[in-house]
Structure formats: C-alpha cells, structure tokens
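# Survey of secondary and tertiary structure
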Amino acid sequence: MFEDPRGPSAFSRRRMLKTSALGMGALGLASILGDEGALAAGASPGGLLSARRPHFPGKAKRVVHFFLNGGPSHVDTFDPKPALAKYDGREIPTNLATERKTGAAFASPFKFRRYGESGLEISELFARTAEHADDIAVIRSMVAQVPNHEPSLMLMNCGDSVQARPSVGAWVMYGLGTENENLPGFVAMCPGGYPIKDAENWSNGFLPGVYQGTFVDPRHREIDRLIENIRSPHAAREAQRRQLDLLRAIDEEHRRAREDARLDARIQSFETAFRMQMEAADAFDVGLEPESVREMYGDTVHGRQTLIARRLLERGVRYVQLWHGAGQPWDDHANIAQNHRARAAEIDGPIAALIADLKRRGMFEDTLVIWGGEFGRTPTVELDGGGKAALGRDHNHYGFSVWMAGGGIKGGTAHGATDDFGFQAVRDPTSVHDLHATILHLLGFDHERLTYRYAGRDFRLTDVSGEVVRSILA
C-alpha cells in the first residue's frame, strides 16, 4: 500500500484505484496524487521516511542549527552600535516597553572589527567564527512577537507562539524524508537536559510521529548513555529481529481494518530503533575520527556535539539542532560581560571548526548552517530590585540577529538593520515566518505549498504569511 505523506485523509480515492480492475487502476495513481498535491514534495510512493524530491532543486540538502537558548545579545555579537558607547550611562531617545525595568544606554563591553573581504563587522566574542565572515549572511532585523521565552521559543522552532505545532525539523523531514533510515532524520542535542518548553521545541505536532526529533544529551560519552535503550539487555540481535517480525505481522493484521498514520509511525519507530543499534553506535563515536579532527573541534561538550552533528549530517541525517544547554543559558539579565564571554567561548571554536570541516569535505555548499536564539536583548541596562544597574540586558523581541551560512547563502552580507541603538528593526523587518520561508526555499520548497491537512484545513510552517529573504540568497 502506498503511504500518503499528508496523512490518512486521501485514502478513500486511493483504495478505489488499488482495488479496481485487479489493481490496474493504481497505474494512474502517481499523476492523480500529483494533481491533488499528495506528492507535492515529489515523493515516490513509499514509507513515511523515504527520501523525496522537493518542489524544485534546493541549494541545501541538510541543516545544522546552533540554538543559543535564552536569547544572545545582538548588540554584543553581530550588530555593532557605536551610538551605545556615545550614550553610555545616559537615556536614549528610543523608548520601548521592556519586560523588566531597564535604565540608561549600556555600551557593549566587547570590541567589534571588520572581517574578510566583505568587511562584515563581528564581535570579538565570535572571532573564530568571524574567520568565515565572507560565508555568513547576518539578518540584523529579526522580529519576534513577545518578550517571553516560552512563546518565542515556540515561534522560532514551530512557527506559532500560542499553539503546539510541528517544528521546523519535523516539516523538513515531512518534505524531504531521510537519506538514511538507520538513523533518526531529525536529532536535537542539548547538554545537561531539556531547554525551556522541553520536547515541544522539536515536536512533530500533528505530523506523523516519525518526524519528531530524537533527543540526545551529549554530556555523555558512552553510547548507552548518549542514546537510551540503544541496546537490549535481554535479547540478542537475532532474537530481537524475530520479535519485531512477529510484532509487525500482528500490527499489519490489525492495520488492515484501519488507516491510521499514528499506527504507521509506531511500526516505523520500532524498525528505526532496531536498525539504530548498529549504525548509531558508529555515528556517535567521535573516537573514530582522526586526532587532528578531534583537536580542531575541541574535547569539550560543545566540541563533541558539533563533531557528532557533522558525522550525522554526512550519514544522511536531515536536521540537527544543537542547543547550548539545559534551561536558558544565554539569558543574561546580569553580568553580561562575564557570562556572554564564557558562553561564546564554548561554541565559537566548534562553529568555526564545523564550517572549515564541511568545506574540506565538500559538504558546505549543500549544508545550511543557522545561528541564533529566540530573541535578542535590550541596548539599555537592566535594573535590579533596588533600581541599580545589574550590568545585564532584558529580553528584546523588537529587533535581533540571526545568521546563516552554507547551502545557497550569499556570504559577507547583512540584511536589514535595527535603529542606531539596536532596540528595534527599522529597515527590512524580518519576521520568523520570513526566516522559515527562507529556510524552506533553500531546501527546495515553496513554503505556501508545503502543507499538511489537519482538523479540516491545510496547515503550513509559515501559517498565513512569510516572504523569502532574497537579498541573502546566492
């Protein structure tokens, strides 16, 4: 039976075709499905995880997303604001409501300089990453909806700040499938446990369950701790295969009387888990890398998880999300000079190593690299309970920065701008829906056509808006 990537809604027509004229009606199935959009992604009729063609040839085939949960300060990283130094300690003309009380202008404690032939200005916090400035496109005019972590995380990851929706990685899996069914097509790594909103950040939402991200805690080195239950303590591999074959036979018998994408996803999850026992152990073992490569990434949690990401990507995993750590480590309401420096030092080297490594392996041109958080931070200093400067910054959803590099990106560019102080986007404001539309475009999808029928209507990642940011496309 052909699987419909849209879910169970199109099966009545399909069943008629397959059962009429001794099955000969199925010969016309592909063109009919194409007419009604079931194969909008160019899917061959196969399993839910089968590799599929996008709407048009995409420049990127895979994505790695560095997620700095908590909200990195754009005015301290990729959006220099000399006016903050001029007004340091004084009230600034821009007056916007903030979640907490803030005071005067707060000059960045970090130096900026121009890098590469493009002269893209980047903070000393990311001096190693800046060595690849000519490959990076910074969107300096990102806009979120509210200054709170939970809704902003949901918006950035799932395209909706209010209701649970499928995550970006799940949509990518739905559209492209996977090139390696022995590994999860979507992996989310977060050292130390879950970020705010937990697994909702990589949820499949109303998409079939096989598209949900697989969580990995990269603090651990042993495969049995990296991936829970990767090996059975009770049965040898041959016995497990016999058990799964029996289970599949029972499931198939049960399935004949009903069409349920959830059941299909459950069957697929058992098979994927079984196949992972061999290949995942290899993919997650960075000890198999040459010493020179391990040294380049660094023997740290972030170095190892970034190297694991590269190993997963080269094995056909579509979407890897690298969270900075449990909770919201970039949420620096106080002592931002010390805290941002420490956080950046943990990932600057691994990011630079990944870009260099992807280039060396011929993967950079078709791998999309994304960097950013759920929002930015205020150019004004946050005040503590006594009204004194806490030397940190409050949440800022009015304007912040995200950058991309690799597959299809025109490097050495900056799109949009915030005001002179970095408080709000004033040129080419870019919504999260615009960002998502651009990501999908680079992967070969028209974001308005990549839809899923649920609860009586067609849903898409970008809801009812979104424009591709064409100025950063190669």
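Definitions and limits used
Residues numbered from 1 in each chain as written. Predicted model: local features only at pLDDT ≥ 70, side-chain atom pairs only at ≥ 80, totals over all residues. Heavy atoms only, no water. Pairing = 2+ DSSP bridges. Helix = DSSP H or I, 4+ residues; strand = E, 2+ residues; numbered from the N terminus. Axes fitted to C-alpha atoms, helices over the stretch in contact; angles between N-to-C directions. Parallel < 35°, antiparallel > 145°, perpendicular 65-115°, else oblique. Left-handed = near helix turned anticlockwise from the far one by under 90°. Contact = heavy atoms within 4.5 Å. Nonpolar A, V, L, I, M, F, W, Y, C, P; charged D, E, K, R; others polar. Buried < 20%, exposed > 50% of the residue type's maximum accessible area, 1.4 Å probe, protein only. Polar contact = N/O pair within 3.5 Å; in protein donor to acceptor, adjacent residues only side chain to side chain. Phe/Tyr/Trp six-rings, centres within 6.5 Å; stacked < 30°, edge-to-face > 60°. Lys NZ or Arg CZ within 6 Å of the ring centre and 35° of its normal. Expected span 1.5 Å × (residues − 1). Salt bridge = Lys/Arg side-chain N within 4 Å of Asp/Glu carboxyl O. Core = buried A, V, L, I, M, F, W, Y, C linked by side-chain atoms within 4.5 Å. pLDDT = per-residue confidence, 0-100.

Right, let's get into the sheet that holds strand β2 (residues 102-105). Across the sheet, which stays open at both edges, the three strands sit in the order β2-β10-β11 with antiparallel pairing between neighbours. Since the sheet does not close on itself, it has two edges, and those belong to β2 and β11 (389-396), each with one partner. Across the sheet, the mean angle from the axis of one strand to that of its neighbour is 55°, orientation sign disregarded. In this structure, β2 lies alongside strand β10 (residues 376-383), joined through two bridges in antiparallel fashion. Within β10, the residue paired with Thr102 across the bridge is Glu382.

Between helix α10 (residues 301-313) and helix α11 (residues 336-360), the shortest axis-to-axis distance is 9 Å and the interhelical angle comes to 25°. As judged from the angle between their axes, α10 and α11 are roughly parallel. α11 is crossed by α10, and the crossing has right-handed handedness. Contacts from His302, Gly303, Thr306 and Arg310 in α10 reach Glu346, Ile347, Pro350, Leu354, Asp357 and Leu358 in α11. Looking at the contact of α10 with α11 residue by residue, the class counts come to four nonpolar, three polar and three charged.

Within the secondary structure, Asp76 is located in the loop between β1 (62-67) and α3 (82-86). Residue classification places Asp76 among the buried residues on the basis of a relative accessible area of 0%. A polar atom in the side chain of Asp76 sits 2.6 Å from the side chain of Ser108.

The subject of this paragraph is the packing of aromatic side chains. One pass over the structure, following the stated rule, counts 21 aromatic pairs. For the pair Tyr174 and Tyr452, a centre-to-centre distance of 5.6 Å together with 80° between the ring planes defines the contact as edge-to-face. Of this pair, Tyr174 sits in helix α5 (residues 168-176) while Tyr452 is found in strand β17 (residues 452-454), placing the two residues 278 residues apart along the sequence. The exposure class assigned to Tyr174 is buried, which follows from its relative accessible area of 5%. Put simply, the rings of Trp171, Tyr174, Phe206, Tyr211, Tyr452, Tyr454 and Phe459 pair up and form one aromatic cluster. A cation sits over an aromatic face here: Arg113 above Tyr115, 4.2 Å from the ring centre.

This next bit is on the environment of Leu183. When you line up the elements, Leu183 lands in the loop between α5 and β6 (186-189). Separated by 132 residues in the primary sequence, Leu183 and Arg315 have C-alpha atoms spaced 8.3 Å apart.

Taking 1.5 Å of rise per residue, 13 residues should cover 18 Å, and α10 covers 18 Å from first to last C-alpha, within 8% of that figure. Most of α10 sits out of view: twelve of its 13 residues are buried. Of the positions making up α10, those classed as buried are His302, Gly303, Arg304, Gln305, Thr306, Leu307, Ile308, Ala309, Arg310, Arg311, Leu312 and Leu313.

All told, the structure shown has 28 salt bridges when counted by the stated rule. For Lys61, the salt bridge identified is with Asp366, shortest N-O distance 4.0 Å. In this pair, Lys61 is assigned in the loop between α2 (29-36) and β1 and Asp366 in the loop between α11 and β9 (367-372), connecting sequence segments 305 residues apart. On the basis of relative accessibility, which here comes to 17%, the residue Asp366 falls in the buried class. As a salt-bridge pair, Asp282 and Arg311 come within 3.9 Å of each other at their nearest N and O atoms.

For the rest of this paragraph, the subject is the nonpolar core. Among the nonpolar cores identified, the biggest contains 52 residues, and Tyr211, Leu368 and Met404 are the most heavily contacted of them. Looking at this core, the element that brings in the most residues is α5, giving seven residues. Residues contacting Tyr211, with those up to four places away along its chain left out, are Leu48, Leu49, Arg52, Ala170, Met173, Tyr174, Phe186 and Asn204. In terms of nonpolar packing, the next biggest core, distinct from the first, is built from 48 residues, Phe66, Ile308, Trp330 and Trp403 among them.

Turning our eyes to something else, we now look at the confidence of the model for the chain. Counting all residues, the mean pLDDT for the chain is 88, and 85% of those residues have values of 70 or more. Low pLDDT, under 50, characterises residues 1-46; the predicted model gives this stretch 66 contacts beyond four residues in sequence or across chains.

This next bit is on the pairing of β10. Each regular strand carries side chains that alternate between the two faces of the sheet. With seven of eight residues buried, β10 is to be regarded as a mostly interior element. Bridge count for β10 against β11 is four bridges, and the pairing is antiparallel. Considered in β11, the bridge of Leu383 is made with Ala389. Counting the residues between successive antiparallel strands, the hairpin from β10 to β11 contains five residues, one of them, Gly387, with a positive phi of roughly 85°.

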